[in-house]
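For reference, the chains in residue letters:
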Amino acid sequence: MIQFEQTFRNFLLRHQEKYNRSYHFLILMYAIIAAAQRIELYYRTGALKDNLGVAGSINIHGENVLRMDQIAHEIVIHYLNSTERVIQAVSEETDDIIDMNRDGGRYFLYFDPLDGSSNVAHGLPVGFMFGIAKRNLDGNIQGPEDFHLRSGREYIATGMFVIPTGMFTLALREAGCWRFHADETNTYVKPSRMMLPEDSRKWELSYNAGNIYTFGEKIQKWININEKKYTFRYLGALAGDFHRLLLNGGMFMYPAIVNHPDPEKNRPQGKLRLMYEANVVAFMCTEAGGDAVDETGTPILDLPPEKHHQRTALYVGSKPLIDDIAKVLRK
Ligand code: AHM
Ligand code: MG
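Notes on the structure follow. (Residues numbered from 1 in each chain as written. Chains lettered and ligands numbered in written order. Predicted model: local features only at pLDDT ≥ 70, side-chain atom pairs only at ≥ 80, totals over all residues.)

## Quick word on helix H6 (residues 238-248)
For step 1, the next point in the chain: Across the 11 residues of H6, nine count as buried, placing the element largely inside the fold.
For step 2, the next point in the chain: Listed as buried for H6 are Leu238, Ala239, Gly240, Asp241, Phe242, His243, Leu245, Leu246 and Asn248. (Buried ≥ 20, exposed ≤ 12 C-beta atoms within 10 Å, placed from the backbone. Helix = DSSP H or I, 4+ residues; strand = E, 2+ residues; numbered from the N terminus.)

Below is the structure:
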């Protein structure tokens, strides 16, 4: 007998019915899946086809654009456009907001099509990360509800694909954080609910250890006191590191860089982007029973974005650890 698992499509169909939601979200999610699968195809053969190198230009963040960044960006834009349901999109790869269906669309999309650039040259895991907010459909309300700069608290879903591993995690507002696996036919199947483990023996800490002496004194002190209690793991691609965290618990952090020997390299605002990196994992983590804060100890999901490429420091993970570090950060 063949063993068939529940498919992602069936899972989502049931979810939409249970919460009395529209079919529009299904159309959007199928497009996102198609985009992820296409990115994965290119990535898997990337080294062979000479697609893992640099493209020869510099992006708005002052970083080298990689060939795969461009390919992944174009793929996502194509599939989002095809749904006719996206109002505007924000991509890490373009400076401007991308207009799609301004009149008829329902959703705002924030995405990083290929996050974890330092892994790309090696063909190691990277992430396609996205967050979704919805247009205010009550025609009487005008203003911020119809604006793309939404805080994470207003997102309706966030997700990430760990490429090229065939793992997909999706969090739906108030309906939990779920993980899916690609089967032999590349169909996402077998939803499993993710809840961070309470047992601290499995917890891991994850941060760029080479940066410790550039962190603020409070964080250096916290690390000094706490690092020996936990295992340490760092892949250097948020999707991969966060994927581990969801199963094992612990904390991922990318603190503000404030003590760099070359002051030009300080990043007091943090490195990661609020709208399509930090909010994505903060939203998933909250649905999995965890939490996330910035350098002031403020919940990431409460930060009002002032610009779409805004950066933030990020501390995300098991609630007791985030509560503890938030206390230190607020002092
Ligand atoms: P990117 O958007 O340029 O890829 O940067 C984001 C990545 C995250 O995936 C990862 O957590 C972090 O940057 C790693 O940074 P570092 O190499 O400084 O440790
Ligand atoms: Mg990125």
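Text resumes after the structure shown.
## Looking at the sheet that holds strand S8 (residues 167-172)
Two pairing modes exist for strands in a sheet, parallel and antiparallel, and in both the strands are linked by backbone hydrogen bonds.
For step 1, the next point in the chain: Pairing within the open sheet is mixed, and its eight strands lie in the order S4-S3-S5-S6-S7-S8-S9-S10. The open sheet has two free edges, formed respectively by strand S4 (98-99) and strand S10 (188-193), since each of these has just one partner strand.
For step 2, the next point in the chain: Here four bridges tie strand S9 (residues 176-182) to S10, and the two strands are oriented antiparallel to one another. The partner of Trp178 across the bridge, within S10, is Arg193.
For step 3, the next point in the chain: Here helix H2 (residues 24-44) sits on the sheet and contacts strand S5 (107-115), strand S6 (126-134), strand S7 (155-163), S8 and S10; the angle it forms with S7, its principal contact strand, is near 20°. (Pairing = 2+ DSSP bridges. Contact = placed C-beta atoms within 7 Å. Axes fitted to C-alpha atoms, helices over the stretch in contact; angles between N-to-C directions.)

## What to know about the site of ligand 1
For step 1, the next point in the chain: Not every one of the 13 residues close to ligand 1 is listed here, only the nearest: Gly116, Ser117, Asn208, Ala237 and Leu238.
For step 2, the next point in the chain: Taken together, the elements giving at least two residues each to the shell around ligand 1 come down to S5, helix H4 (117-120) and H6.
For step 3, the next point in the chain: Of the residues belonging to the shell around ligand 1, the class tally is three nonpolar, five polar and five charged.
For step 4, the next point in the chain: Domain assignment of the residues forming the shell around ligand 1 places at least three in each of domain 1 (8-193) and domain 2 (200-330). (Near = placed C-beta within 6 Å. Nonpolar A, V, L, I, M, F, W, Y, C, P; charged D, E, K, R; others polar. Domains from an automatic or database assignment.)

## Overview of the pairing of S5
For step 1, the next point in the chain: Among the nine residues in S5, nine count as buried, and that is most of the element.
For step 2, the next point in the chain: Pairing of strand S3 (residues 86-91) with S5 involves five bridges; the strand directions are parallel. Pairing of Ala89 across the sheet is with Leu109, part of S5.
For step 3, the next point in the chain: Where S5 lies against S6, seven bridges are found, and the strand directions are antiparallel. The residue bridging Asp115 from the neighbouring strand is Gly127, located in S6.

## Re the environment of Trp203
For step 1, the next point in the chain: With respect to the element layout, Trp203 can be found in the loop between S10 and strand S11 (204-206).
For step 2, the next point in the chain: Between the C-alpha atoms of Trp203 and Asp302, which are 99 residues apart in sequence, the distance is 26 Å.
For step 3, the next point in the chain: Excluding residues within four positions of it along the chain, Trp203 makes contact with Tyr230, Asn248, Gly249, Gly250 and Ser318.

## Focus on unusual backbone geometry
For step 1, the next point in the chain: Of the consecutive residues Ile163 and Pro164, the connecting peptide bond is found in the cis state with omega at 5°.
For step 2, the next point in the chain: Turning to its location among the elements, Pro164 is positioned in the loop between S7 and S8.
For step 3, the next point in the chain: One non-glycine residue, Asn20, lies in the positive phi region at around 55°.
For step 4, the next point in the chain: Position of Asn20 relative to the elements: it lies in the loop between helix H1 (8-18) and H2.
For step 5, the next point in the chain: The residue Lys190 is not glycine, and still its phi comes out positive at about 60°.
For step 6, the next point in the chain: Residue Lys190 is classed as partly exposed on the basis of its C-beta count, with 16 C-beta atoms lying within 10 Å.

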